[in-house]
Amino acid sequence: MKVVVVESPAKAKTINKYLGRDYEVIASFGHIRDLPAKDGSVDPEQDFHMVWELEDRGSKRVSEIAKAVKGAEKLILATDPDREGEAISWHVLEALTARKVLKGIPVERVTFNAITKSSVEQAMRKPRQIDQALVDAYLARRALDYLVGFNLSPVLWRKLPGARSAGRVQSVALRLVVEREMEIEAFKPREYWSIVATLRTQDGATFEARLVGADGKRIQRLDVGNAEEAAAFKSALEAATFQVASIEAKPAKRHPQPPFTTSTLQQEASRKLGMAPAQTMRVAQRLYEGVDVGGETVGIITYMRTDGVDMAPEAIADARRVIGKEFGDRYVPGAPRKYSVKAKNAQEAHEAVRPTDMSRLPKNVARYLEPEQAKLYELIWTRTMASQMESAELERTTVEVHAMASGRRIELRATGQVVKFDGFLALYQEGKDDEEDEESRRLPPMRQGDDLKREKIASTQHFTEPPPRYSEASLVKRMEELGIGRPSTYAAVLQTLRDREYVKIEKKRLQPEDKGRLVTGFLESFFRRYVEYDFTAALEEQLDRVSNAEIDWRAVLRDFWRDFSAAIGETKELRVAEVLDALNDLLGPHIFPDRGEGKDPRACPNCGEGQLSLKLGKFGAFVGCSNYPECTYTRQLSATGVNGEGDGSSVDGGQPGVRVLGNDPVTNLPVTVRDGRFGPFIQLGEASAEKGAEKPKRSSLPRGLSPSEITLDQALALLSLPREVAKHPESGEPILAGIGRFGPYVQHRRTYANLGRDDDVLEIGGNRAIDLIVAKEQGGGRGRPAGDPGRSLGKDAESGRDVVVKAGRYGPFVTDGEVNATLPKSANAEALTLDEALKLIAAKREAGGGKKASARKKTTTRKAADGDKAKASAKAPAKKPAAKKAAPKKKAAG
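Residues numbered from 1 in each chain as written. Predicted model: local features only at pLDDT ≥ 70, side-chain atom pairs only at ≥ 80, totals over all residues. Heavy atoms only, no water.

The next subject is the overall build of the protein. Looking only at helices and strands, one finds 23 helices and 35 strands in the protein. Burial analysis of the protein (894 residues in total) assigns 46% to the buried set. For the protein, the proportion of contacts with a sequence separation of at least 24, taken over those separated by at least 6, is 64%. Carbon and sulfur atoms provide 48% of the accessible area of the protein, an area that totals close to 48200 Å². (Helix = DSSP H or I, 4+ residues; strand = E, 2+ residues; numbered from the N terminus. Buried < 20%, exposed > 50% of the residue type's maximum accessible area, 1.4 Å probe, protein only. Contact = heavy atoms within 4.5 Å. Areas by Shrake-Rupley, 256 points an atom, 1.4 Å probe, with all protein chains shown as cover.)

Let us look at the confidence of the model for the protein. Scored by pLDDT, the protein comes out at a mean of 83, with 86% of its residues at no less than 70. Strand β9 (residues 191-200) holds the highest mean pLDDT among the elements of the protein, 96, whereas helix α23 (residues 851-875) holds the lowest, 45. The model gives residues 435-439 a pLDDT under 50, and that stretch makes 2 contacts with residues more than four places away or in other chains. When the criterion is pLDDT under 50, residues 851-894 qualifies, and its contacts beyond four places in sequence or with other chains add up to 5 contacts. (pLDDT = per-residue confidence, 0-100.)

It is worth spelling out the environment of G58 at this point. Looking at the element boundaries, G58 is found in helix α2 (residues 56-69). For the pair formed by G58 and I32, sequence separation is 26 residues and the distance between their alpha carbons is 4.0 Å.

What follows deals with the environment of P468. Relative to the helices and strands, P468 is located in the loop between β17 (451-463) and α13 (472-482). Look at P468 and you get partly exposed, because its relative accessible area is 34%. As a C-alpha pair, P468 and R509 span 41 residues in sequence and 8.6 Å in three-dimensional space.

In this section: the packing of helix α3 (residues 83-98) against helix α5 (residues 132-159). Contact geometry of α3 with α5 gives a least axis separation of 8 Å together with a crossing angle of 95°. Judged on the interaxial angle alone, α5 and α3 are roughly perpendicular. Here α3 contributes R83, E84, E86, A87, W90 and H91 to the contact with α5, which in turn contributes Q132, L134, V135, A137, Y138, L139 and R141. Grouping the amino acids of the contact of α3 with α5 by side-chain chemistry returns 7 nonpolar, 2 polar and 4 charged. (Axes fitted to C-alpha atoms, helices over the stretch in contact; angles between N-to-C directions. Parallel < 35°, antiparallel > 145°, perpendicular 65-115°, else oblique. Nonpolar A, V, L, I, M, F, W, Y, C, P; charged D, E, K, R; others polar.)

This next bit is on unusual backbone geometry. Cis rather than trans, the peptide bond between Y628 and P629 has omega equal to 10°. Summarising the element assignment, P629 is placed in the loop between β21 (620-625) and β22 (634-635). Note that the residue after L721, namely P722, is joined by a cis bond; omega there is 0°. Topologically, P722 is positioned in the loop between α20 (712-719) and β28 (723-727). Positive phi values are uncommon outside glycine, yet F29 reaches one of about 55°. Structurally, F29 can be placed in the loop between β2 (23-27) and β3 (33-34).

Let's shift gears to the pattern of salt bridges. This structure, assessed with the given rule, holds 46 salt bridges. Between D310 and K338 there is a salt bridge, and its shortest N-O distance comes to 3.2 Å. Taken as a pair, D310 in the loop between β14 (296-298) and α10 (313-327) and K338 in the loop between α10 and α11 (362-365) lie far apart in primary sequence, 28 residues in all. Taking the relative accessible area as the measure of exposure, K338 reaches 61% and is therefore exposed. Here R801 makes a salt bridge to D816, at a shortest N to O gap of 3.7 Å. (Salt bridge = Lys/Arg side-chain N within 4 Å of Asp/Glu carboxyl O.)

With that settled, consider the sheet that holds β28. Pairing is antiparallel across the open sheet formed by 4 strands, whose spatial order is β28-β29-β30-β31. Sheet topology places β28 and β31 (751-754) at the edges, where each strand pairs with a single neighbour. On average, each strand axis in the sheet is inclined to that of its neighbour by 30°, with strand direction left out of account. Against the sheet, helix α21 (residues 766-777) engages β28, β29 (734-740), β30 (743-748) and β31, with an angle of about 115° to β31. (Pairing = 2+ DSSP bridges.)

What follows deals with the pairing of strand β7 (residues 74-77). Here β7 shows two buried faces, one formed by K74 and I76 and the other by L75 and L77. Bridge count for strand β1 (residues 2-6) against β7 is 4 bridges, and the pairing is parallel. Note that in β7 the partner of K2 across the bridge is K74. Where β7 meets strand β8 (residues 107-109), 3 bridges bridge the pair, whose relative direction is parallel. What sits directly across from L75, in β8, is V107.

The next point concerns the packing of aromatic side chains. Counted according to the given criterion, the structure contains 15 aromatic pairs. Between the aromatic rings of Y530 and F560, the centroid separation amounts to 5.8 Å while the plane-to-plane angle is 80°, which identifies the pairing as edge-to-face. Note that Y530 is positioned in the loop between α15 (514-526) and α16 (533-547) and F560 in helix α17 (residues 553-570), a separation of 30 residues in sequence. When the ring of F560 is compared with that of F564, the centres are 5.1 Å apart and the planes differ by 25°; the resulting orientation is stacked. Of this pair, F560 and F564 both sit in helix α17, 4 residues apart, which is roughly one turn of the helix. Each member of the aromatic cluster is reached from another via a ring pair, and the members are Y530, F535, F560, W561 and F564. Across from the ring centre of Y470, 4.3 Å away, lies the NZ or CZ of R180, which sits over that ring. For the cation-ring pair, R330 lies above F421, with the distance from its terminal atom to the ring centre recorded as 3.8 Å. (Phe/Tyr/Trp six-rings, centres within 6.5 Å; stacked < 30°, edge-to-face > 60°. Lys NZ or Arg CZ within 6 Å of the ring centre and 35° of its normal.)

Before going further, it helps to examine the nonpolar core. Ranked by internal contacts, the top residues of the largest apolar core, which has 98 residues, are L75, L96, L160, M479, F522 and F527. If you tally residues by element for this core, the top one is α5, at 13 residues. Apart from residues lying up to four places away in sequence, L75 is in contact with V3, V5, V69, L96, L102, I105, P106, V107 and E108. Counting residues in each nonpolar core, the second largest holds 61 residues, with V4, V283, V332 and L369 among its members. (Core = buried A, V, L, I, M, F, W, Y, C linked by side-chain atoms within 4.5 Å.)

The strands that make up a sheet are held in pairs by hydrogen bonds between backbone atoms, and each pair lies either parallel or antiparallel. Taken in spatial order, the 4 strands of this open sheet run β2-β1-β7-β8, and their pairing is parallel. Unpaired on one side and paired on the other, β2 and β8 mark the two borders of the sheet. Across this sheet, the average inter-strand angle for adjacent strands is 25°, counted without regard to direction. Together, β1, β2 and β7 form the strand contacts of α2, whose direction differs from that of β2 by roughly 170°.

We now examine α10. Spanning 15 residues, α10 covers 21 Å between terminal C-alpha atoms, matching the ideal 21 Å at 1.5 Å per step. In the core, the buried residues of α10 are packed alongside α12 (371-387). Following α10 by one or two positions, G328 adopts a phi angle in the positive range, close to 110°. (Expected span 1.5 Å × (residues − 1).)

Of the residues making up α20, those classed as buried are A715, L718 and L719. Along the axis of α20, the buried residues cluster in a sector spanning 100°; they form a single face. (Arc of directions from axis to C-beta.)

The next point concerns the side chain of R383. Following the sequence through the fold, R383 ends up in helix α12. Residue R383 is classed as buried on the basis of its relative accessible area, which comes to 2%. A distance of 2.7 Å separates a polar atom in the side chain of R383 from the backbone oxygen of P258. Residue contacts for R383: discarding those within four places in its chain leaves Q257, P258, P259, F260, T264, E268, Y428 and E430. (Polar contact = N/O pair within 3.5 Å; in protein donor to acceptor, adjacent residues only side chain to side chain.)

This part takes up the packing of α13 against helix α14 (residues 487-499). Close contact between α13 and α14 brings their axes to 11 Å; oriented N to C, the two are set at 130°. Considering the angle they form, α13 stands oblique to α14. Pair α13 / α14 crosses with right-handed handedness. Contacts from E472, L475, V476, M479 and E480 in α13 reach P487, Y490, V493, L494 and R498 in α14. Residue composition of the contact of α13 with α14, grouped by class: 7 nonpolar, no polar and 3 charged. (Left-handed = near helix turned anticlockwise from the far one by under 90°.)

Okay, here's the thing in structure tokens:
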């Protein structure tokens, strides 16, 4: 028996079918070891010695692998073909070596880019040893992330209360989002005007031409800057005569994009399918590891963590054959297309993300896949096919028009584009984040020297717009361009920023939270080098050199730690006042915006004498007056209050970490959102210092509801919990929805069922609540469906109850909701009739069946058992009472 170790059960299941009886395929469930979250896990004093420990789950997996390996012919490590996969194999080998179970057992490492029978069998014929250079690159990356996170995060906690964590790549990605927001805030719109003439040809066709020059001078888009200039041009053109000065038609080609890498797949899935990067990778993982397609479990895409854009020769030949069959020979280029990566630090060892079988058309496999899987597979298939299709052939036409007005010559231009042959555009066109494709327009026929008639002249006012906020797709693209991090980690980095509440997503765009601005401001002020784009990219290049066995991984760590530890040491003497001064200066335009009223933006609006300044409280940052405690003005960090109105202030005893949402219309008590020790919460009224006073009503915030976005209506709804959402179908008693210690739930009597991830405690309906409760009462868990509803046979004419046949734990049975009757072995559940079911239920009822009878039977049995115990106790010899311990002597008073 040969033992094969892979990461996941799905992958194990698929590969096991290919390899047959002589192999046992076991899943490690990802990494089995990790660095303990404590000081000393990476020790710079011991040349970066790393301490690994088995996780609880990892220990169980190693035991299972060790048990399988005993007496095995060979151990084959078949984890993913990248640094992370190499590291998982290394960890498994190290753990098994420590348990001394590999004596005399050969160990091999195999990798395959696709989970298909041919790929797996071919890989098994070409084993190798673990690539230590890849492992070293993993160790260096893991140590760097630990040293940055474990040493920098505590500095944030001490110097910047409310901050959660910092990370080597995470903090740089956050800086990108924050800097873009600062660009937007600092942007000053600029006015400009466009002049467009609608002209008619001699054949009566119309087209539009734009102003591009006057009196021998070129006019750019922003050159007409006010209404007066625009009016002068419009007046001149309305009195002008128009003539075609020149026509130029040029052929052009548009070439297809290369097949997907990890990064471009995440970007396009975000643009076209609305999938977050983490979601894209999760779905792609399933497609790679294997899905059931027509009774065959097979991986239908290649490995989805890759920087490469090339494809295997046989895959290209397969794609060209399918293109010819589906679109015709005209769409197959004369020679196969070859692509190369332009991004920084690209590693092209692996193929692009592509289908494993090009002839597996999306329309033919969609019925076997979940909706998200089908959409992502179609996106990957179309991009791959398009990458090997013929280029689109276009004709771009430019018409120059001269307008003569009172001796002046004003120049206009019209452009058009015609698709002569669609090529790859017949199948696919890449999406864009922030640019708008100009609509392709066909110009009417005309000749040089033709006179044109004016239809109308339009002058339109415009204003320049700020750069757009990053979408998840455009941020991934920018990080890749800068060489920050690795594409395989982008999804996790973006998720961490959201989980830490450093950024939020509004209208599919990333917007920094105040907490994220503070962290970025602090790092730029005191650790600027470590959030520099070039520094982070250079570190990635060094890690790539480690993976190529060009430099020693410990040398990289030594160079990094020397300066980083010194920077950490300097913050020990850093006073909070210095932190506040730096943040006040750096974030001043955001915290204290100039509203253009001629007033000092930092003047206290309450006392008029103090200066507003950033303050640090127990639960984070806020803005307060320098005249405290005489002036108690405070407000949230953001300049605007709820829904962008007001200034978010809290005067006359306002508290940091507290935001007033408004008053409860019933009690007239203030409703506030507050930062607490265990997270944000809603409170009605204020706590009283009087002994025995009733505590104010509070409610936790459900997952996904940001404290900065919550409204008064939502807060009042939360404070009204628990609320009744339905009546139980059997007991008739209420089912309540509320928020408890472990999150949102629904409750019936003493049965509690946690809400699923997609359930909203404020909106959950009666049907969903009943499903959750019934599932829990029948032994189900959170969000799981209720038990088998069974097949309805009809209604009992006497009781009016529905009679149903169900599949039970001990075989099929029939029930009318009161009595359950097991079907005899001779009965066929599928052919059972209503009359037969009623006879079985009646017989069970006569024999003492049913819920009430069952309860009586249990009570009687329990009483009988208690009686038997009493009789046995009377016959048994009495036991001597145990000697009591002497009570301790009381001390004399006084």
